[in-house]
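Chains, contacts and geometry: an overview
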Amino acid sequence: MQFFIDTADISAIKKANDMGLVNGVTTNPTLIKKAGRDHEATIREISELISGPVSVETLSEDAEGMLKEAKTYLKWGKNIVIKVIMSPEGMKAVRELSSQGHKTNVTLCFSPLQALIAAKAGATYISPFVGRLDDISHYGMELISQIRDIYDNYEFDTQILVASVRSPIHLLDAATIGADVATVPPATLMQIFNHPLTESGIKAFLEDAKAWQK
Ligand code: G3P
């Protein structure tokens, strides 16, 4: 399973990239707002820093507007993926972008049939939001299993990009189910390192080394 990082924070991206944990980056309007910097400058910087795909979200609600935005975003880097909302207009835009050979990421997916529609439109990635489903007492991971089954049944190439990841358990479940990618907030990525036995093991090794280091 590939790890994308779900942030527009350049220093967080650099930190994770130095550990070899960034196969790609996903952004959205909320993350750009949080980063507090100019949209274009931020995306250009991320795109130079990371060789993998960088998702940039369109803001229009009609296909024509989405395609116009996509044209601009595609100039910001060689690895730009156009993020489009799950809607009838979004699927029109995905169909067109995909026929032009551009990569797309369909966002705000909350049902298996939405994922099927996105795949039929030719989406490169589908982004099911597991955390937001958990928030309303639905099993987010059940959606990932259903999409995996559907895509395998019909041999769709669309990659399952698990989004709205809130904990390492989401990552474990996504990898067990066979999701292609998970996009992870920086703090959740760092949580993977935490284990009391790792911490006590490091402490014991360093303590024992003191006996023979003199
Ligand atoms: O990639 C989409 C993701 O950022 C949404 O996460 O935590 O706002 O549900 P969240």
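Please refer to the structure placed before this passage.
Note that the coordinates shown come from a computational prediction; the quantities given were computed from them, not determined experimentally.

Of the two faces of strand β3 (residues 54-57), the one lined by Val54 and Val56 and the one lined by Ser55 and Glu57 are each fully buried. The pairing of strand β2 (residues 24-26) with β3 spans 2 bridges and is parallel. In the sheet register, Thr26 faces β3, and the bridge partner there is Ser55. Sheet topology note: the β3/strand β4 (residues 80-85) ladder contains 4 bridges and is parallel. Directly across from Glu57, in β4, lies its bridge partner Lys83. Read from β3 through helix α4 (residues 63-73) to β4, the crossover connection turns out right-handed.

Take the packing of helix α1 (residues 10-18) against helix α3 (residues 39-49) next. Axis separation between α1 and α3 bottoms out at 11 Å; the angle between their running directions is 10°. By the angle between their directions, the pair α1 and α3 is classed as roughly parallel. Here Ile10, Ile13, Lys14 and Asn17 of α1 come into contact with α3, specifically with Thr42, Glu45, Ile46 and Leu49.

What follows deals with the layout of surface pockets. In this structure, the largest pocket encloses a volume near 420 Å³. Sorting elements by how many residues they give to the lining of the largest pocket places helix α2 (residues 29-35) first, with 4 residues. Among the residues forming the lining of the largest pocket, the class breakdown is 8 nonpolar, 7 polar and 6 charged.

Conventions we followed
Residues numbered from 1 in each chain as written. Predicted model: local features only at pLDDT ≥ 70, side-chain atom pairs only at ≥ 80, totals over all residues. Heavy atoms only, no water. Buried < 20%, exposed > 50% of the residue type's maximum accessible area, 1.4 Å probe, protein only. Helix = DSSP H or I, 4+ residues; strand = E, 2+ residues; numbered from the N terminus. Pairing = 2+ DSSP bridges. Right-handed = clockwise from strand over helix to strand, strands pointing away. Axes fitted to C-alpha atoms, helices over the stretch in contact; angles between N-to-C directions. Parallel < 35°, antiparallel > 145°, perpendicular 65-115°, else oblique. Contact = heavy atoms within 4.5 Å. 1 Å grid on protein atoms, 1.4 Å probe; cavity = no way out; pocket = protein on both sides within 12 Å on 5 of 7 lines; lining within 4 Å. Points joined across faces, edges and corners; volume = space filled by probe spheres on them. Nonpolar A, V, L, I, M, F, W, Y, C, P; charged D, E, K, R; others polar.

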